[in-house]
Each structure stands twice: as structure tokens, then as C-alpha cells.
Amino acid sequence: MILATLLWLFVSTNETATTQRGLLVPIVVTGVEDTQVAIGVPELIEVTVSGPSSRVDRLGPENIEAVLDLSGLEGEFERAISVLPPQGITLVNVNPSDVTGRLEAVLNKPVPVEVVLLSPLPDGLLLDLRSQPQQVIASGPSGPLDRTVRAIAAITMVQGTTQVNLFPADAGGQTVRDIVLLPSVSTVTAASRQALVIKEVAVEFVRPNNPALVGVIFETDRLPIAGPAVLLDTLESVQATVELTTPTPPPGQYTFPVVLALPNGVGALEALTATLSFGRSPLAE
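Residues numbered from 1 in each chain as written. Predicted model: local features only at pLDDT ≥ 70, side-chain atom pairs only at ≥ 80, totals over all residues. Heavy atoms only, no water.

Caption draft 1: How the structure looks around the overall build of the chain. Per the secondary structure count, the chain includes four helices and 24 strands. For a compact globule of 285 residues, the expected C-alpha radius of gyration is about 19 Å, and the chain comes in at 38 Å, more than 25% above that figure. Within the span of the chain, comprising 285 residues, buried residues form 34% of the whole. Restricting to contacts in the chain with at least 6 residues of sequence separation, those with at least 24 account for 68%. Counting every atom, the chain has about 17100 Å² of accessible surface; 53% of that belongs to carbon and sulfur. (Helix = DSSP H or I, 4+ residues; strand = E, 2+ residues; numbered from the N terminus. Rg over C-alpha atoms; globule rule 2.2 N^0.38 Å. Buried < 20%, exposed > 50% of the residue type's maximum accessible area, 1.4 Å probe, protein only. Contact = heavy atoms within 4.5 Å. Areas by Shrake-Rupley, 256 points an atom, 1.4 Å probe, with all protein chains shown as cover.)

Caption draft 2: Spatial organisation of the sheet that holds strand β4 (residues 44–52). Strand order in the open sheet formed by three strands is β1-β4-β8, with antiparallel pairing between adjacent strands. Sheet topology places β1 (18–26) and β8 (90–95) at the edges, where each strand pairs with a single neighbour. With strand direction ignored, the average angle separating the axes of adjacent strands in the sheet is 20°. Summarising the sheet, β1 and β4 pair through nine bridges and their orientation is antiparallel. Paired with Thr-18 across the two strands is Pro-52, which belongs to β4. (Pairing = 2+ DSSP bridges. Axes fitted to C-alpha atoms, helices over the stretch in contact; angles between N-to-C directions.)

Caption draft 3: Region of the structure containing a nonpolar patch on the surface. On the surface, a nonpolar cluster with roughly 260 Å² of combined accessible area is contributed by Ile-137, Val-180 and Leu-182. Within the secondary structure, Val-180 sits in strand β15 (residues 180–182). (Patch = residues over 30% accessible without salt bridge, like charges linked within 9 Å, V, L, I, M, F, W, Y side chains within 5 Å. Salt bridge = Lys/Arg side-chain N within 4 Å of Asp/Glu carboxyl O.)

Caption draft 4: Molecular detail of the confidence of the model for the chain. Residues at a pLDDT of 70 or more form 92% of the chain, whose mean pLDDT is 88. Below pLDDT 50 for its whole length, residues 5–13 participates in zero contacts with residues either more than four positions away or in separate chains. (pLDDT = per-residue confidence, 0-100.)

In C-alpha cells form, the structure reads like this:
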């Protein structure tokens with residue numbers, strides 16, 4: 001009996017105890033035309049309320065309504081914020097309690113989408129980035145709009161496709177407030193590839209097996225090539241050949257393009273030719 005009485009006293013005291021609490025509440029702006037934007041309005045205000053602790057402890061920002069009504073205003077304004085706590089909760093303080101700002105006309109301009117990789121790229125890799133769309137519309141007052149030069153899509157991946165939220169940025173990459181991007185999301189595709197390196201290798205010319213061939217002029221034994229480092233690390237030489245237009249050309253001197261036996265993904269930085277001299281084939285005599 002004594003235990004039940006103590007429990008009832010505790011619950012009864014807890015339900016009737018009064019407490020205070022501060023919350024950060026977002027401001028809802030009303031009365032602004034689609035062709036206007038409100039400058040100087042904070043995103044959040046600090047609201048202090050009091051009431052029964054059992055109710056106050058359960059309150060969240062979504063339970064308190066903070067409205068800034070700008071209906072019928074133009075240009076500079078100073079307006080009180082209307083805060084409506086739930087029934088049975090007392091409003092103690094609002095900071096700030098009013099807002100000084102201005103209404104400006106909304107302007108538009110196109111800005112390019114720039115994809116930025118936040119994580120470091122592994123050594124030896126290059127990254128190909130594509131954004132869809134490649135350009136969006138920035139909308140806002142003239143001052144912030146003049147500072148907005150791009151829409152940034154920040155990613156951390158180096159392979160694949162993802163949807164990325166865009167943010168308006170100035171020339172230094174800093175976010176510009178009071179600007180809306182349309183659309184506000186970009187589809188970014190990232191594809192990594194091996195970085196190309198340049199290396200000089202030996203060239204080994206393979207002489208055609210033709211009895212009429214009497215002379216070869218091939219004036220180089222070294223050649224710069226480019227490709228991924230993983231392919232060039234062990235590549236020290238390449239074979240060079242020519243393809244004859246006929247099995248046995250008539251006597252004379254001919255210049256042929258050289259075909260290099262290079263791995264896939266490796267290319268020569270110079271085009272080579274070989275000059276071949278043919279006489280009369282002994283088989284034709």
C-alpha cells in the first residue's frame with residue numbers, strides 16, 4: 001500500500017511539474033509572389049516554451065509553427081514572426097522576434113554544372129565525368145545571381161552513375177544563398193581509366209621474306225609510345241613490319257607505312273614508314 005501511494009505521488013508530481021525548453025524552429029514564409037524572393041530571412045529562430053514537463057519533453061520543432069507573413073509588402077520590410085505553440089504550452093521567448101529584410105524580383109540565368117570529386121583519385125587513374133543535364137537555371141535576386149557562376153555536383157565515387165543534389169556556387173566554390181537551381185538534381189556518371197604515360201622503346205624491323213627485296217631503308221631504331229603504365233612497365237621493344245601491296249612488286253623503290261605490334265591500349269606518337277627496293281625476282285628469270 002505504501003509503495004502504491006509513493007508511485008502515485010511520483011506520477012502525479014511529474015505530470016504537473018512545469019519546465020522550460022528551447023528549440024530551433026524553421027520559419028515558414030508566406031505571402032511572397034512567385035516573381036519575388038525575400039532577402040534577410042533567417043532559416044531558423046530560437047523559441048523558448050514552458051509547460052508540463054511530460055509534454056514539453058516530447059516537443060519537436062515540427063510541433064511549433066513559426067510564420068512570417070509578407071503579404072502586400074514591397075521592397076524593404078520589418079515584420080514580426082508569428083509563433084504558435086501547441087495548446088497548453090506557453091510561449092516564453094522568440095529570438096529573433098521580428099525580421100528586417102527586403103523583397104526583390106526573381107531573375108534567371110543559365111549556369112553550367114561542374115562535377116567535383118571529393119575523395120582523392122588513386123595514383124595512375126584518370127576520371128571521365130559526365131553530368132545530365134550539363135546546364136541548369138539559377139533563379140534569385142540580382143546580387144546573389146551575379147555571384148553565381150556554376151552549379152556544383154559533389155561526388156565521392158570513381159565509377160558508376162548516381163543522382164547528386166546541386167548547389168549554387170561562386171567563382172571560389174562557396175555556396176551562394178538565396179539562389180534556387182532548376183533542376184536541383186543532376187545524374188552524374190563517373191568512369192575511371194588508366195592514365196597514359198610516355199616511354200621510348202626499341203623498334204625491331206622485320207624484313208619481308210621476299211626474294212626480290214634488295215634493300216631496306218628504315219631510319220629509326222627508337223620510338224616514343226604512350227599507354228597505361230601497367231602495360232608499358234615491361235615493354236622494352238616492338239616489332240615493325242610492312243604489308244606488301246602485291247606478293248612481288250615490279251622492280252623499283254617503294255615506301256610503305258609501318259605496322260607496329262603494340263598491345264591494345266598502347267599507341268605510337270609518330271607514324272613510321274620504310275622504303276623498300278625490289279629487283280627482278282630470281283624465280284621470274
